[in-house]
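Each chain is listed here by its residues.
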Amino acid sequence: MRNFKLEIGGIPLIIKSCEPWFIQMIAEKYRDFALLCGLKEEGIFQTSRSSSHPPVHLQIDIRQKESEKWNDMLDETLWVDVSYHNKKFIIRRPDLEGDIDFDNRIARVTNRAAVYSFDSFLRILYSLFLVQEGGFLLHAASVVRDGQGYLFMGKSGAGKSTIAIHSSKYTVLSDEISLVKKAGADYLVYSTPFWGEQEIKGRNYFSPLAGIYRLKQSSQLLTRKLSEREALCRLMENILYFSREPFLTRQLFQNCTDLIQQVAIYELEFQKDSSFWNMIG
């Protein structure tokens, strides 16, 4: 195997490498996001070529093992730098370097021989392309109930994993990073392979977005609709975004302002049980 095709958030990606063993590792990790035929089930949709854009082509090279001085586990303090030069985004991190050509939908990365390094680059790549398609990656758990998608956003420790644990009778799309994208006049929430503590490894689904909740653990159960100003602030502080380039940042801001005009955002005070569902919808 020298290539693997996947799709996240309706954006297809063709991954190629001269190292078939690494492609095989990628295919195993992202097997649920391999490009498949679409289906509809109980208001939940499995994606397949749902984007009008052509695929992104990504070439992977592997660093020589003898040059690596890394432990097997990812150091979460690793810095990342994303710059923009000659119409390309340049990505640098201690364990990888790469570039992304928006116009030609071509990307390259050289990373250490570990899937987590590639996974980090993949998050950056999708976070950038999504902005152009009216979307973004969000630090949020996502759950589908009765054919409607709900986002529960918050940084680490806010309770996203708790939400996922207590939503087992519904369809949990993600417990950590969810994907939001505009489709015509509507907004959709997608599952991603970027899992958190619970490692929710569901299929590649999306659903209409019905509501967004900012998590706040509490001894009481309460929802409060946020003003547009506060909703915008709370939304943007939870977006996974790496660029400082003005043209893309302006587009991201526009994506957020468009979203809050259509989808309400609430603060959810909740306890560590499933009772919060009584306040949803």
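What counts and how
Within each chain, residues carry numbers counting from 1 in the order of the written sequence. It should be noted that, the model being predicted, local features are given only for residues of pLDDT at least 70 and side-chain atom pairs only at 80 or more, the latter also being counted only at that level, while totals for whole chains, interfaces and linings use all residues. Water and hydrogen atoms play no part in the side-chain values, which are based on all heavy atoms of the structure. Strands are runs of DSSP state E lasting at least 2 residues, helices are runs of H or I lasting at least 4, and numbering of each runs from the N terminus. Any residue under 20% of the maximum accessible area for its type is buried, any over 50% is exposed, and the rest in between are partly exposed; the area is computed with a 1.4 Å probe on protein chains only. Residues are treated as being in contact if the distance between any of their heavy atoms lies within 4.5 Å. N or O atoms within 3.5 Å of each other form a polar contact, as long as, within protein, one can give a hydrogen and the other can take it, and as long as residues adjacent in sequence are counted only when both atoms are side-chain atoms. Ring pairs shown here join Phe, Tyr and Trp side chains whose ring centres sit within 6.5 Å, with only the six-membered ring taken for Trp; geometry is labelled stacked below 30 degrees between planes, edge-to-face above 60, and tilted in between. Remark: a charge is flagged as sitting over a ring if the NZ atom of Lys or the CZ atom of Arg is within 6 Å of the ring centre and within 35 degrees of the ring normal. Helix axes use the C-alpha atoms of the stretch in contact, all axes being lines fitted to C-alpha atoms, and the angles between their N-to-C directions lie in the range 0 to 180 degrees. When an angle is under 35 degrees it counts as roughly parallel; over 145 it counts as roughly antiparallel; between 65 and 115 it counts as roughly perpendicular; any other value is oblique. Two helices crossing with the near one rotated counterclockwise from the far one by less than a right angle form a left-handed crossing, whereas a clockwise rotation gives a right-handed crossing. Ten residues, namely Ala, Val, Leu, Ile, Met, Phe, Trp, Tyr, Cys and Pro, are considered nonpolar, four, namely Asp, Glu, Lys and Arg, are considered charged, and the remaining ones, Gly among them, are considered polar.

1. Things to note about the environment of glutamate 267
And step 1. Relative to the helices and strands, glutamate 267 resides in strand β18 (residues 265–270).
And step 2. On the basis of relative accessible area, glutamate 267 is assigned to the buried category, the value being 8%.
And step 3. Leave out the neighbours within four places in its chain, and glutamate 267 touches Arg214, Lys216, Leu222, Thr223, Arg224 and Leu226.
And step 4. Side-chain polar atoms of glutamate 267 contact the side chain of arginine 214, separated by 2.9 Å.

2. Observations concerning the packing of aromatic side chains
And step 1. Inspection of the entire model under this criterion finds 17 aromatic pairs.
And step 2. Taken together, a centroid distance of 5.6 Å and an interplanar angle of 80° make the contact between phenylalanine 152 and tryptophan 277 edge-to-face. Within this pair, whereas phenylalanine 152 is found in strand β11 (residues 148–153), its partner tryptophan 277 is found in the segment after β18, the two being separated by 125 residues in sequence.
And step 3. Of the aromatic side chains, those joined through ring pairs into one cluster are Tyr150, Phe152, Tyr170, Tyr213, Tyr266, Phe270, Phe276 and Trp277.
And step 4. A cation over an aromatic ring shows up here: lysine 29 above the ring of tyrosine 30, its NZ or CZ 5.5 Å from the ring centre.

3. Quick word on the packing of helix α2 (residues 115–132) against helix α5 (residues 246–262)
And step 1. α5 packs onto α2 with a crossing angle of 70° between their chain directions and a minimal axis gap of 9 Å. Taken together, the axis directions place α2 and α5 in an arrangement best described as roughly perpendicular. Of the two elements, α2 crosses α5, and the hand of that crossing is left-handed. In contact with Leu128, Leu130, Val131 and Gln132 of α2, α5 contributes Leu248, Gln251, Leu252 and Asn255.
And step 2. Its residues assigned to classes, the contact of α2 with α5 shows five nonpolar, three polar and no charged.

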